[in-house]
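What follows is each chain in one-letter form.
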Amino acid sequence: MHSEDGFGPKMLADVKPPFIPEGASGMTVLVEWGPGNPGTPPHRHSGPCFGYVLEGAVRWELEGEPEHVIKAGETFWEPGGDVIHYQNGNASSDAPAKYIVFMMCAPGQPMLTLVDDEELEKRSHLRAPRPTD
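Residues numbered from 1 in each chain as written. Predicted model: local features only at pLDDT ≥ 70, side-chain atom pairs only at ≥ 80, totals over all residues. Heavy atoms only, no water.

As named in an unreviewed UniProt entry, the protein is Cupin domain-containing protein, taken from Streptomyces hyaluromycini.

Caption draft 1: Summary view of the overall build of the protein. Scanning the protein for helices and strands turns up one helix and nine strands. Along the protein, from the amino end to the carboxyl end, the secondary structure elements read β-β-β-β-β-β-β-β-β-α. Along the first, second and third principal axes, the C-alpha set of the protein runs to 55 × 45 × 25 Å. Going through the 133 residues of the protein one by one, you find that 32% of them count as buried. Across the protein, every contact between residues at least 6 apart in sequence was considered, and the portion connecting residues at least 24 apart equals 77%. Of the side chains in the protein, 10 bear a positive and 20 a negative charge, and the two mean positions are spaced by 2 Å. (Helix = DSSP H or I, 4+ residues; strand = E, 2+ residues; numbered from the N terminus. Buried < 20%, exposed > 50% of the residue type's maximum accessible area, 1.4 Å probe, protein only. Contact = heavy atoms within 4.5 Å. Lys, Arg positive; Asp, Glu negative; His and termini not counted. Charge placed at Lys NZ, Arg CZ, Asp CG, Glu CD.)

Caption draft 2: Representation of the packing of aromatic side chains within the structure. Under the definition given, this model contains four aromatic pairs. Taking the centre distance of 6.4 Å and the plane angle of 85° together, the rings of Trp 60 and Tyr 99 count as edge-to-face. Of this pair, Trp 60 sits in strand β4 (residues 57-62) while Tyr 99 sits in strand β8 (residues 97-105), and the two are 39 residues apart along the sequence. Take Trp 60 and Tyr 99: they sit in the same class, and that class is buried. A centroid spacing of 5.4 Å and a plane angle of 85° characterise the contact between Phe 76 and Tyr 99, whose relative ring orientation is edge-to-face. On the criterion of sequence distance, the pair formed by Phe 76 in strand β6 (residues 75-78) and Tyr 99 in strand β8 is long-range, its members being 23 residues apart. With respect to burial, Phe 76 and Tyr 99 carry one shared label: buried. In this structure an aromatic cluster arises from ring pairing among Trp 60, Phe 76 and Tyr 99. Above the plane of the ring of Tyr 86 lies Arg 127, whose end atom (NZ or CZ) is 4.0 Å from the centre. (Phe/Tyr/Trp six-rings, centres within 6.5 Å; stacked < 30°, edge-to-face > 60°. Lys NZ or Arg CZ within 6 Å of the ring centre and 35° of its normal.)

Caption draft 3: Broad picture of the UniProt feature "domain: Cupin type-2" (unreviewed entry) in the protein. Mapped onto the present numbering, the UniProt feature "domain: Cupin type-2" (unreviewed entry) falls at residues 30-101. Between the first and last C-alpha atoms of residues 30-101 the distance is 7 Å; the span itself is 0% helix and 50% strand. (UniProt positions renumbered as here; feature names shortened; annotations may be inferred.)

Caption draft 4: Quick peek at the environment of Gly 23. Along the chain, Gly 23 turns up in the segment before β1 (25-33). On the accessibility criterion, Gly 23 (56% relative accessible area) is exposed. C-alpha separation for the pair Gly 23 and Gly 108, spaced 85 residues apart in sequence, amounts to 8.8 Å.

Caption draft 5: Geometry of the sheet that holds β1. Taking strand neighbours across the sheet as the criterion, the four strands line up as β1-β8-β3-β6 in an open arrangement whose pairing is antiparallel. Strand pairing shows two members of the sheet lacking a second neighbour, β1 and β6, which therefore form its edges. Shown here is a sheet whose adjacent strand axes are inclined to one another by a mean of 20°, direction ignored. Here nine bridges tie β1 to β8, and the two strands are oriented antiparallel to one another. Within β8, the position partnered with Ser 25 by the bridge is Cys 105. (Pairing = 2+ DSSP bridges. Axes fitted to C-alpha atoms, helices over the stretch in contact; angles between N-to-C directions.)

Now the structure itself:
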């Protein structure tokens, strides 16, 4: 995909998303978190999301996967639907983080829905073990 001079398109991620229903919409969002910002509370998206970290590092955790840090220049994706997105905040306490994300939204559904404490408790067995300090 690169031209001989090293410029041009570069494949960053290649994933097979779940089925995207007819009438879905898409949006591209720039997210900027200040140092130490915990990000959005636990939530889910109605469709798949694909993103790229532009600056800093983002603490990332999806249901069933261990939390990890995604650094500038790295990509992420999530399937959306029923999967809870626990963390997407800044992993650094002294530097900003910035990422861009493209989200598919199921027809007639919100792009993001917060998950309440009752549901978090009911699904706690699906969350990966927490890191220990």
